Amino acid sequence: MKTKPETGSGVEFDAASVLADAPVYLDVVSAEGRVLYANATQERTLGFAPGVLTGASVGLIYSPDSCTALDALFADIGAGEYVDVQHLTLRRKDRSLIDVTANIGFYHDNRHGLCARIAKFRKDKLTERLHRVERENEVLFGIVETARDAAWCIEFVEPVDLTAPDREIIRQVFENECYWRYCNDAMAQLYRLSSELDFNEQDVRDVFPRNDENEVFVQELIDSNFQLDGAPSLDQRYDGAPVQVENEVRAKLHNGQLHLMWGTVRDVSRQKLRERELLDQAGDALEVLTAMPDPVVVINDEGRIIGANPAVEWRFGWAVDQLLGSPVTDLVKFDLDALAELPPAGASRQSPRVQAHIDCRNGSALACELSLASLDEGEARGRAVIICRTDAAETPAVRRRGKAVQ
């Protein structure tokens with residue numbers, strides 16, 4: 001009767017023959033560029049007779065790029081270390097190529113010094129897809145990293161519950177644990193982070209604090225299902241100064257939860273300051289315009305009235321609201337060809353003066369002289385301002401429409 005052998009006893013195992021015919025391309029190469037061993041599977045696949053590869057140059061069975069890659073690994077890696085998923089190219093005897101994925105282990109041999117055991121597999125579809133994704137990620141990373149606009153991504157370790165009431169969602173956005181998944185160099189420059197620090201390792205709340213403006217910003221995110229463009233927020237730089245920014249935001253939502261939020265951010269502080277300056281200047285100009293005793297009318301490129309000062313109302317009797325949108329010739333009778341000859345705004349030559357008369361609301365016609373000026377820099381006829389001076393008119397008499405007033 002046969003009995004079951006005891007564990008580890010009486011077992012014969014020919015490791016050499018198993019490795020020789022293993023379903024893997026296996027070889028051992030030295031740092032000096034010699035093939036010390038190649039298993040039978042690799043020899044058959046590459047078209048070489050048994051034993052021919054032993055002692056051959058590595059360049060006989062590896063492409064030049066792969067030889068360069070192996071040289072670099074030998075220079076950087078010591079005995080006992082491993083490299084996973086190294087992409088190499090084998091060369092058959094007929095010079096055709098086989099793309100492979102290799103796992104490499106380095107060890108020290110008493111005779112040949114530093115050597116590498118290289119186990120290789122043909123690239124399959126999954127490996128090719130992984131390699132393609134790696135290349136695409138490398139390209140996308142380079143694009144984002146060198147972009148002028150600051151780009152960011154926040155990952156919520158504790159996802160935000162989007163099924164909760166809005167106030168609770170807002171609270172969770174500011175209080176749930178999260179971190180920077182990725183930020184480019186432009187983010188560090190925008191928020192004035194020291195060059196010695198990594199922005200991705202900083203606290204999200206440092207630059208995105210909870211305040212009234214940012215709560216409104218998050219509410220807009222909620223209302224737009226986290227797809228928002230040009231949304232303002234008030235952030236804080238690392239030097240403590242506030243910064244007004246505009247955001248483009250997208251998010252990854254799954255099963256009613258917010259997991260990722262990403263986008264770009266632009267500093268609009270200077271723009272906002274410029275807008276305030278322009279508003280102040282416009283306010284000053286409006287005060288001057290309001291105080292002017294001469295009637296002033298502003299027209300667009302179609303010759304319609306888009307503005308007028310109070311002097312138009314008390315001098316001619318027409319309410320400004322009645323005039324807006326109407327053709328300027330309903331109020332001022334003059335040769336419109338004069339508008340085509342206006343010099344652009346800022347030009348050194350003098351603007352023309354034109355004789356005209358005004359149709360007043362009471363039915364009278366008031367003679368006046370017009371000073372015309374362009375508000376645009378281009379040569380084409382655009383917006384213009386018309387100043388009516390009745391005291392400089394060649395014919396100062398006030399007339400009823402069709403006959404003189406005695």
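For every chain, the first residue of the written sequence is number 1, and numbering continues from 1 along that sequence. Local features in this predicted model are restricted to residues whose pLDDT is 70 or higher, and side-chain atom pairs enter the listing and the counts only when it is 80 or higher, whereas totals over whole chains, interfaces and linings include all residues. Side-chain metrics rest on all non-hydrogen atoms present in the structure, leaving aside hydrogens and water.

Draft legend 1. Examining the overall build of the protein chain more closely. Counting secondary structure elements, the protein chain contains 11 helices and 18 strands. Scored against the burial criterion, the 406 residues of the protein chain give a buried share of 39%. Here, residues are in contact when the closest pair of their heavy atoms is within 4.5 Å. Of all intrachain contacts in the protein chain linking residues separated by at least 6 positions in sequence, the fraction that spans at least 24 positions is 48%. Accessible surface for the protein chain amounts to roughly 24,100 Å². Of this, 51% is attributable to carbon and sulfur atoms. By definition, any uninterrupted DSSP run of H or I lasting at least four residues is a helix, any uninterrupted run of E lasting at least two residues is a strand, and each is numbered from the N terminus. Using a 1.4 Å probe on the protein chains alone, a residue whose accessible area is under 20% of its type maximum counts as buried, one over 50% counts as exposed, and one in between counts as partly exposed. Where accessible areas are quoted, they stem from the Shrake-Rupley method and a 1.4 Å probe; at the residue level, only the protein chains shown are allowed to cover.

Draft legend 2. Summary view of the sheet that holds strand S9 (residues 242-254). In this scheme, strands are said to pair when DSSP sees at least two bridges between them. Spatial strand order, S7-S6-S10-S9-S8: five strands in an open sheet with antiparallel pairing. If you trace the sheet from one side to the other, it starts and ends with strand S7 (178-183) and strand S8 (228-236), each paired once. For this sheet, the mean inter-axis angle between neighbouring strands, taken without regard to orientation, is 35°. Strands in contact with helix H7 (residues 212-223) are S8, S9 and strand S10 (257-267); relative to S8, the strand with the most contacts, it is inclined by about 155°. The convention used is that axes are lines fitted to C-alpha atoms, helices contributing only their stretch in contact, and that angles between N-to-C directions extend from 0 to 180 degrees.

Draft legend 3. Spotlight on the sheet that holds strand S2 (residues 35-38). Spatially, S2-S1-S5-S4-S3 is the arrangement adopted by the five strands of the open sheet, whose pairing is antiparallel. The outermost strands of the open sheet, each flanked by one partner alone, are S2 and strand S3 (82-91). Strand-to-strand twist across the sheet, computed as the mean angle between neighbouring axes with direction ignored, equals 30°. Note that S3 and strand S4 (residues 97-109) share eight bridges and pair antiparallel. Looking at S4, one finds that His87 is bridged to Thr101.

Draft legend 4. Here's a closer look at the nonpolar core. Within the largest apolar cluster, 36 residues are counted, with the highest numbers of intra-cluster contacts made by Trp152, Trp180, Met187, Tyr191, Phe199 and Met261. Secondary structure elements with two or more residues in this core: strand S6 (150-161), helix H5 (166-175), S7, helix H6 (185-190), H7, S8, S9 and S10. For this core, the element with the most residues is S6, which contributes five residues. Once residues lying within four places of it in the same chain are set aside, the contact partners of Met187 are Ala150, Ala151, Trp152, Trp180, Phe199 and Val265. For our purposes a nonpolar core is just a set of buried Ala, Val, Leu, Ile, Met, Phe, Trp, Tyr and Cys residues, chained together by side-chain atoms within 4.5 Å.

Draft legend 5. A look at the packing of aromatic side chains. Two rings from Phe, Tyr or Trp (for Trp, the six-membered ring) form a pair when their centres sit within 6.5 Å of each other. Planes less than 30 degrees apart are called stacked, planes more than 60 degrees apart edge-to-face, and all others tilted. On inspection of all chains with the given rule, the structure shows six aromatic pairs. With a centroid separation of 6.1 Å and an interplanar angle of 45°, the aromatic rings of Tyr191 and Phe199 are classed as tilted. An aromatic cluster of at least three residues, connected via ring pairs, comprises Trp180, Tyr191, Phe199 and Tyr238. In this scheme, Lys NZ or Arg CZ marks a charge over a ring once it lies within 6 Å of the ring centre and within 35 degrees of the ring normal. The ring of Tyr107 carries the charged tip of Arg117 above its face, separated from the ring centre by 3.9 Å.

Draft legend 6. Structural view of the environment of Gln355. Following the sequence through the fold, Gln355 ends up in strand S14 (residues 353-359). Each C-alpha atom of the pair Gln355 and Lys333 lies 8.9 Å from the other, and the pair is 22 residues apart in sequence. Engagement of the side chain of Gln355 in a polar contact is seen with the side chain of Glu369, the distance being 3.2 Å. Throughout this description, a polar contact denotes any pair of N or O atoms lying within 3.5 Å of each other; where both atoms belong to protein, one of them has to be capable of donating a hydrogen while the other can accept it, and for residues adjacent in sequence the pair is counted only when both atoms sit in side chains.

Note that every value here comes from positions in space, so none of it alone points to a role or purpose.
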